[in-house]
Amino acid sequence: MTTSDFLPKPYVNLPENGSITCQSPSNIALVKYWGKYGEQMPQNASVSFTLSNCRTETTLTYTKKENNGSYAFEVYLDGNREVGFEPKIKKFFDRIVQYVPFIRAYSFKIDTKNTFPHSSGIASSASGMSALAVCLVAIESQLLGATNLSTAEETKNSTTQKASFLARLGSGSAARSLEGPLVVWGEHPNIKGSSNLFGVKYEGEVHENFRNYQDTILLVDKGEKQVSSTVGHDLMNDNPYAEARFKEANDNLLKLTTVFKNGNVDTFIKLVESEALQLHGMMMASKPYFILMKPNTLEIINRIWAYRNETESKVCFTLDAGANVHVLYPENEKTVIQEFIKNELSSYCKNGEYIHDVCGLGASIL
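Read on for an overview of the structure. Just so it is clear, the model here is predicted, and its values are computed rather than measured.

Some points on the nonpolar core
Point 1. Of all hydrophobic cores here, the largest spans 75 residues; its most connected members are L30, F93, I103 and F268.
Point 2. Residues in contact with L30, not counting those within four places in the same chain, are V47, S48, F49, L182, L256, F260, F268, V272, E275 and L328.
Point 3. Counting residues in hydrophobic clusters, the runner-up holds 21 residues, among them A276, I300, Y307 and F340.

Shown next as structure tokens:
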């Protein structure tokens, strides 16, 4: 597919007003995407667990306006106007207007809320941008009226792809939040249907060991990151190890496809933890270099390693582009690992805060 495939047919219906509410979760990458080119295109393929409890719910209210020139919108978080978010939405609209040109015809109220605290240190760009994209595609489906797609399943696949395509233009990782529990984003020669333009549900065989996989997010640092993800991605352009990293990521994704099939959790652990550390290694090797981990991040990692050695547990960690730690573990260890987190790891979290989550199925209209 090419970008032209996402240009709409002429609209046949332009209602005066309306409203739609959608939700979309965050996700945590197992193989990391770090480095991009062009318009939000990934330098390597990635795969993620879609989460369930950490999600954004967005109500998009629209009213037809007379002037089809500039955009008209306001953003609200938890009922309060958030002017600081609006430049990012303006940039998003600039990128997507050719694919959803109706956004010039309406005034919008974007009313959004997260099921996790805004100051929790969990990036809300993936869930927020994907939720907004789902709303926009749902509205466009109404504007297009009758579709020439032959089945409801084809219609669903088409709208999901477009929502992922649009979400990517707001936040790269948002492309992976539309479906679940495993989503691949980025073209990979060994994964059929994979694309740089949108995320696709991983359709390969998945062993029962990875069903309902658990993720507890340890909130180590709730402050604003010293380096934004956008700046971090851009620094990969001059990173001397970038090309080797992109190849390693694609190789690791291929290895994970075998792991998903055979259920080898020990190999899963090695690959996932290595990927997390490589991500932060690239940050430390950038010019200028930077470190997003905090001392407590390292303390948690060492505690997890020690616990695993002592108990032969299958618990492991991964990291986002920040200080927080995602503790991953099979469902059959849920009770004992959550006790371990409560008794031994929570003291390294800001105010002792953490969030229990589990793999989910992606976005939906509410």
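Concerning the pattern of salt bridges
Close approach of charged atoms lets side chains of opposite charge pair.
Point 1. What the rule picks out here adds up to 12 salt bridges.
Point 2. Ionic pairing is found between D251 and K247, a salt bridge with its closest N-O pair at 2.8 Å. Within this pair, D251 and its partner K247 are both found in helix α5 (residues 242–262), separated by 4 residues, close to a single helical turn.
Point 3. Ionic pairing is found between R308 and E273, a salt bridge with its closest N-O pair at 2.7 Å. Here R308 is found in helix α7 (residues 295–311), whereas its partner E273 is found in helix α6 (residues 265–284), with 35 residues between them in sequence. Each member of the pair R308 and E273 is classed as buried.
Point 4. Shared partners join several salt bridges into a network, and the residues in it are R55, E57 and K113.

Remarks on α5
Point 1. Relative to the 30 Å expected for 21 residues at 1.5 Å per residue, α5 spans 30 Å between its end C-alpha atoms, a close match to the ideal helical length.
Point 2. Turning to α5, its buried residues number three or more, namely A242, R245, F246, A249, N252, L253, L256, T257, V259 and F260. Mapping the buried residues of α5 onto a view down its axis gives an arc of 165°, with all of them on the same face. Facing away from the buried side of α5, by more than 90 degrees, are the exposed residues E243, A244, K247 and K261.

With respect to the sheet that holds strand β12 (residues 325–329)
Point 1. Strand order in the open sheet formed by 4 strands is β11-β12-β10-β13, and the pairing between neighbours is antiparallel. Looking along the sheet, the strands with just one partner apiece sit at the ends: β11 (316–319) and β13 (354–358). Within the sheet, the average angular offset between the axes of one strand and its neighbour, ignoring direction, is 25°.
Point 2. Pairing of β11 with β12, which is carried by 4 bridges, proceeds in the antiparallel orientation. Residue pairing in the sheet places C316 in a bridge with L328 of β12.
Point 3. The strands touched by α6 within the sheet are β11 and β12, with β11 carrying the most contacts at an inclination of about 30°.
Point 4. α7 rests against β10 (214–218), β11 and β12 of the sheet, and its axis sits at about 155° to β11.

A look at the side chain of S346
Point 1. The topology assignment puts S346 in the loop between α8 (334–345) and β13.
Point 2. Leave out the neighbours within four places in its chain, and S346 touches I341, G352 and Y354.

Some thoughts on unusual backbone geometry
Point 1. Here the residue pair G180 and P181 is connected by a cis peptide bond, since its omega of 5° sits within 30 degrees of zero.
Point 2. Its place among the elements puts P181 in the loop between α3 (152–170) and β8 (182–185).
Point 3. Cis geometry is found at the peptide bond from K287 to P288, where omega equals 5°.
Point 4. Among the secondary structure elements, P288 is positioned in the loop between α6 and α7.
Point 5. The phi dihedral of N351 falls on the positive side, at around 55°, and the residue is not glycine.
Point 6. Relative to the helices and strands, N351 resides in the loop between α8 and β13.

Criteria and thresholds
Residues numbered from 1 in each chain as written. Predicted model: local features only at pLDDT ≥ 70, side-chain atom pairs only at ≥ 80, totals over all residues. Heavy atoms only, no water. Core = buried A, V, L, I, M, F, W, Y, C linked by side-chain atoms within 4.5 Å. Buried < 20%, exposed > 50% of the residue type's maximum accessible area, 1.4 Å probe, protein only. Contact = heavy atoms within 4.5 Å. Salt bridge = Lys/Arg side-chain N within 4 Å of Asp/Glu carboxyl O. Helix = DSSP H or I, 4+ residues; strand = E, 2+ residues; numbered from the N terminus. Expected span 1.5 Å × (residues − 1). Arc of directions from axis to C-beta. Pairing = 2+ DSSP bridges. Axes fitted to C-alpha atoms, helices over the stretch in contact; angles between N-to-C directions.

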